[in-house]
Amino acid sequence: MSKLIEVSYTLIEVTSIPLLIVSLVYLLTGYAMISIKIQNLFSVIGLGYGDIMYLHTNIYTRLALVMLGSIHGFSGSIILIHKYSRRKTTRNILRILAAVALLIIIYLVIVAEI
């Protein structure tokens, strides 16, 4: 197994749990902003509407979600490319396309946040 594949598997493992947590926080705080029932669930742990709104609209929450998702998705793409493409030239082209897609996503997020 090549070093790139080993690193990709490691990155997927490392980013999976934090990505799940950040995604759930982002999703649940979004629902809590529009649903009284979910706001009540957050009030049990001591978070009011202002705290919920802060968590959901915080730039660091969005950046964490995008960065973790990008790393996780790019690593998964590398593994799928390695698994399903047979020719070395095709693999290299697909790896470059995956890297370009990753850079475009990161660029768009940075531009949107400025």
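These numbers come from a predicted model, not from an experiment.

### Considering the side chain of Ser8
Now for step 1: With respect to the helices, strands and loops of the structure, Ser8 is situated in helix 1 (residues 3-34).
Now for step 2: Assessed through its relative accessible area of 4%, Ser8 is described here as buried.
Now for step 3: Excluding residues that lie within four positions of it along the chain, Ser8 makes contacts with Ser75, Ile78 and Ile79.

### Notes on the environment of Leu94
Now for step 1: Mapped onto the fold, Leu94 is located in helix 5 (residues 88-113).
Now for step 2: A relative accessible area of 33% means that Leu94 is categorised as partly exposed.
Now for step 3: The spatial distance from the C-alpha of Leu94 to the C-alpha of Glu113 is 29 Å, given a sequence separation of 19 residues.
Now for step 4: Residues in contact with Leu94, not counting those within four places in the same chain, are Ile81 and Ser85.

### Let's talk about helix 1
Now for step 1: In this model helix 1 runs 46 Å from its N-terminal to its C-terminal C-alpha over 32 residues, within 8% of the 46 Å that 1.5 Å per residue would give.
Now for step 2: Of all the bends in helix 1, the largest measures some 35° and sits at Ser16, one to four residues before the proline Pro18.
Now for step 3: Looking only at helix 1, the buried set comprises Ile5, Ser8, Thr15, Leu19, Val22, Thr29 and Ala32.
Now for step 4: Residues of helix 1 that are buried make contact with helix 2 (36-44), helix 3 (49-57) and helix 4 (59-84).

### Side note on the confidence of the model for the chain
Now for step 1: Confidence in the prediction for the chain averages 91 pLDDT; 98% of positions are at 70 or higher.
Now for step 2: Averaged pLDDT values over the elements of the chain bottom out at 88 in helix 2 and peak at 94 in helix 1.

### Comments concerning the side chain of Thr29
Now for step 1: Locating Thr29 in the fold gives a position in helix 1.
Now for step 2: When sequence neighbours within four positions are dropped, the list of residues in contact with Thr29 reads Phe42, Ile52, Leu55 and His56.

### What to know about a nonpolar patch on the surface
Now for step 1: Together, Leu20, Leu24, Leu27, Leu28, Tyr31 and Ile34 make up a nonpolar patch on the protein surface, roughly 600 Å² of accessible area in all.
Now for step 2: Its location among the elements puts Leu20 in helix 1.

### A closer look at the environment of Leu47
Now for step 1: Locating Leu47 in the fold gives a position in the loop between helix 2 and helix 3.
Now for step 2: When the C-alpha positions of Leu47 and Leu20 are compared, they lie 20 Å apart, and in sequence the two are 27 residues distant.
Now for step 3: Non-local contacts of Leu47, meaning those with residues more than four positions away in its chain, are made with Phe42, Ile52 and Leu55.

### Digging into the packing of helix 1 against helix 3
Now for step 1: At a minimum axis separation of 9 Å, helix 1 and helix 3 run at an interaxial angle of 135°. By the angle between their axes, helix 1 is oblique relative to helix 3. In this structure, the crossing between helix 1 and helix 3 has a hand that is left-handed. Counted together, Tyr26, Thr29, Gly30, Ala32 and Met33 of helix 1 and Tyr49, Ile52, Met53, Leu55 and His56 of helix 3 form the full contact between these two elements.

Conventions and cut-offs
Residues numbered from 1 in each chain as written. Predicted model: local features only at pLDDT ≥ 70, side-chain atom pairs only at ≥ 80, totals over all residues. Heavy atoms only, no water. Helix = DSSP H or I, 4+ residues; strand = E, 2+ residues; numbered from the N terminus. Buried < 20%, exposed > 50% of the residue type's maximum accessible area, 1.4 Å probe, protein only. Contact = heavy atoms within 4.5 Å. Expected span 1.5 Å × (residues − 1). Bend = angle between axes of the 7 residues up to and from the residue. pLDDT = per-residue confidence, 0-100. Patch = residues over 30% accessible without salt bridge, like charges linked within 9 Å, V, L, I, M, F, W, Y side chains within 5 Å. Areas by Shrake-Rupley, 256 points an atom, 1.4 Å probe, with all protein chains shown as cover. Salt bridge = Lys/Arg side-chain N within 4 Å of Asp/Glu carboxyl O. Axes fitted to C-alpha atoms, helices over the stretch in contact; angles between N-to-C directions. Parallel < 35°, antiparallel > 145°, perpendicular 65-115°, else oblique. Left-handed = near helix turned anticlockwise from the far one by under 90°.

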